[in-house]
Amino acid sequence: MEKIEFIIPTYRDGNKLTGLLYSLINQSKPHWTAHVISDGSYEEFKGIDEHFSEYNNIKFSTIDGPNEDWGHTARNYGLEHATQDWVVMTGADNYYMPDFVSEFLKHTVNNNFIFCNMVHNEAHYKHYQELKAELTVNNIDMGCFATKRKNSQQLRLKKQSYQADWFFVENYITLFPGGIKHIDKILYVHN
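Attention here is on the structure that accompanies the text.

What follows is about the side chain of H190. Within the fold, H190 resides in strand β9 (residues 180-190). Taking the relative accessible area as the measure of exposure, H190 reaches 14% and is therefore buried. Side-chain polar atoms of H190 contact the side chain of D141, separated by 3.3 Å.

The following block contains the structure:
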């Protein structure tokens, strides 16, 4: 059975990270791993590392930082060290519905890019809204799609801006056309 690896950059957002990790631990299928990368050393990270030490499918790393690039240096580090079939590059403040892994793994055959709908926090905590993800600028978020690891490792994140999500998607579907699957369900919450 294929597995999904969640690549999670973090920097001083321990409470949010804890919520994300519990959303992964509560997945209906155990076919996932998580690699949490601290973008710089901070005390709170050590406590989270210790709290989740009993979970063998969660790995923690620290890189030199902070890099102040929306986590993209940490995501690239995670990509370099990824080992599973599929990767999801997310953020520490996100959350996944319990059937995210199960639903995505249903669609891995003949696909190399899978994405779902999401609930998105519009304008940072003013209100939440459903967002039907689309393959257009500003209509997809890094955490709502999975890509084949080997393809993503070739591409990496090149732009170091908040729009790096879209540039990555645009480059990915250009270099690796076909095999795109949209799951028309809300499986992801972006904060």
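Turning our eyes to something else, we now look at helix α3 (residues 72-81). Among all positions in α3, only H72, A74, R75, N76, G78 and L79 are buried. Lining the buried residues of α3 we find β1 (4-10), β2 (32-39), β3 (58-63), β4 (86-89), α5 (149-155) and α6 (164-175).

Here we come to the pattern of salt bridges. Per the stated rule, a full pass over the model turns up 4 salt bridges. One salt bridge in this structure joins D184 and K132, with 3.6 Å as the shortest N-O distance. With D184 in strand β9 and K132 in the loop between β7 (127-131) and β8 (145-148), this pair connects stretches of sequence that are 52 residues apart. The class of K132 is partly exposed, set by a relative accessible area of 45%. Three or more residues joined by partner-sharing salt bridges are found here, namely E103, K106 and K185.

With omega at 10°, the peptide bond leading from G65 into P66 counts as cis. Inspection of the secondary structure assignment puts P66 in the loop between β3 and α3. A positive phi angle, close to 65°, is found at N110, a residue other than glycine. In this fold, N110 is placed in the loop between α4 (100-105) and β6 (113-122).

As a further point, take the packing of helix α1 (residues 14-25) against helix α2 (residues 43-51). Contact geometry for α1 and α2: axes closest at 10 Å, N-to-C directions at 20°. Classed by the angle they form, the pair α1 and α2 counts as roughly parallel. For the element pair α1 and α2, the recorded crossing hand is right-handed. Counting all contacts with α1, which are made through G14, N15, L17, T18, L21 and Y22, the residues of α2 involved are E44, I48 and H51. Broken down by class, the residue content of the contact of α1 with α2 amounts to 4 nonpolar, 4 polar and 1 charged.

Now for the packing of aromatic side chains. The final tally for this structure, using the stated rule, is 13 aromatic pairs. Through a chain of ring-to-ring contacts, the aromatic side chains of F113, F115, F145, F168, Y172 and F176 assemble into a single cluster.

Attention shifts here to the nonpolar core. In this structure, F6, I8, L21, F100 and F104 are the most contacted members of the largest nonpolar core, which totals 55 residues. In contact with F104, other than residues within four places in its own chain, are I4, I114, F115, C116, C144, F145, A146, I183 and L187.

Quick notes on the rules
- Residues numbered from 1 in each chain as written.
- Predicted model: local features only at pLDDT ≥ 70, side-chain atom pairs only at ≥ 80, totals over all residues.
- Heavy atoms only, no water.
- Helix = DSSP H or I, 4+ residues; strand = E, 2+ residues; numbered from the N terminus.
- Buried < 20%, exposed > 50% of the residue type's maximum accessible area, 1.4 Å probe, protein only.
- Polar contact = N/O pair within 3.5 Å; in protein donor to acceptor, adjacent residues only side chain to side chain.
- Contact = heavy atoms within 4.5 Å.
- Salt bridge = Lys/Arg side-chain N within 4 Å of Asp/Glu carboxyl O.
- Axes fitted to C-alpha atoms, helices over the stretch in contact; angles between N-to-C directions.
- Parallel < 35°, antiparallel > 145°, perpendicular 65-115°, else oblique.
- Left-handed = near helix turned anticlockwise from the far one by under 90°.
- Nonpolar A, V, L, I, M, F, W, Y, C, P; charged D, E, K, R; others polar.
- Phe/Tyr/Trp six-rings, centres within 6.5 Å; stacked < 30°, edge-to-face > 60°.
- Core = buried A, V, L, I, M, F, W, Y, C linked by side-chain atoms within 4.5 Å.

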